Amino acid sequence: MRWWDIDAVLGLEKDLFPEDAWSRGMFWSELAHARGPGATRHYVVAEDGDRMVGYAGLASSGDLADVQTIAVARDQWGTGLGGRLLTELLRAATAFECAEVMLECRVDNVRAQKLYERFGFEAIGFRRGYYQPGNVDALVMRLNTKSSGGSAAGSPSVQGTEING
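Residues numbered from 1 in each chain as written. Predicted model: local features only at pLDDT ≥ 70, side-chain atom pairs only at ≥ 80, totals over all residues. Heavy atoms only, no water.

Novice: How do you make sense of the environment of Ala 112 when you look at a structure like this?
Specialist: Tracing the backbone shows Ala 112 in helix α4 (residues 110-118). Residue Ala 112 is classed as buried on the basis of its relative accessible area, which comes to 12%. Along the chain, Ala 112 and Ala 71 lie 41 residues apart, while their C-alpha atoms are 9.8 Å from each other. (Helix = DSSP H or I, 4+ residues; strand = E, 2+ residues; numbered from the N terminus. Buried < 20%, exposed > 50% of the residue type's maximum accessible area, 1.4 Å probe, protein only.)

Novice: Got a minute to help me understand α4 in this structure?
Specialist: For an α-helix, 3.6 residues make a turn, and residues three or four places apart therefore share a direction. Of the residues making up α4, those classed as buried are Ala 112, Gln 113, Leu 115 and Tyr 116. Seen along its axis, α4 keeps its buried residues to an arc of 160°; they face one direction. Among the exposed residues of α4, those pointing more than 90 degrees away from its buried face are Lys 114 and Arg 118. Those residues of α4 that are buried lie in contact with β3 (64-72), α3 (81-95), β4 (100-106) and β6 (136-144). Just downstream of α4 lies Gly 120, where phi reads positive at about 100°. (Arc of directions from axis to C-beta. Contact = heavy atoms within 4.5 Å.)

Novice: Where do I start with helix α1 (residues 6-16) in this structure?
Specialist: Taken together, the buried positions of α1 are Ile 6, Val 9, Leu 10, Leu 12, Glu 13 and Leu 16. Within α1, the buried residues cover an arc of 165° as seen down the axis, which keeps them to one side. Of the exposed residues in α1, those oriented more than 90 degrees away from the buried face are Asp 7 and Lys 14.

Novice: Looking at this model, I keep getting lost on the pairing of strand β2 (residues 51-61). Mind explaining?
Specialist: Put simply, side chains in a regular strand alternate between the two faces of the sheet. For β2, the tally of buried residues reaches nine of 11 residues, placing the bulk of the element in the interior. Note that strand β1 (residues 41-48) and β2 share eight bridges and pair antiparallel. Within β2, the position partnered with Ala 46 by the bridge is Gly 54. From the end of β1 to the start of β2, which pair antiparallel, there are two residues, and Gly 49 there has a positive phi angle of about 70°. Direction of pairing for β2 relative to β3: antiparallel, over a ladder of eight bridges. Within β3, the residue paired with Ala 59 across the bridge is Asp 66. Connecting β2 to the antiparallel partner β3 that follows it, the hairpin turn spans two residues, and Gly 62 within it adopts a positive phi of roughly 65°. (Pairing = 2+ DSSP bridges.)

Spelled out as structure tokens, the structure:
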């Protein structure tokens with residue numbers, strides 16, 4: 001993801017997460033930490049032709065990574081794009097030499113939870129009222145990359161969609 005992707009990312013963000021969408025400033029802040037030798041973030045976008053169809057981001061600190069966001073356009077649900085984006089984030093966690101990857105997922109987003117479980121994430125707790133202003137709880141999930149071989153399992157293919165970091 002680059003700064004020129006932010007407008008398209010915000011369009012998807014507002015469509016998919018209307019109550020708790022990230023702001024332009026939040027994306028700028030994340031991207032400020034995504035380049036150079038001291039980078040602690042990894043953000044990617046998925047495009048189908050000239051259309052933005054997904055994006056994802058990961059933050060790292062020491063041996064811990066956190067999936068910050070994954071979003072896939074509604075018409076791309078069920079195509080494997082979410083798995084490709086997650087695979088890219090897990091590769092980044094491996095490159096950052098992270099032993100664990102954490103994430104929060106809305107308790108009502110069963111589709112996303114199933115994706116994370118397929119990749120080996122396990123539920124470890126809840127964060128009450130995490131998603132605001134809707135006051136929706138988050139399921140906290142963890143993947144131990146040491147026990148999963150240190151990298152993502154497989155690389156799902158999505159024809160016609162390009163992932164760009």
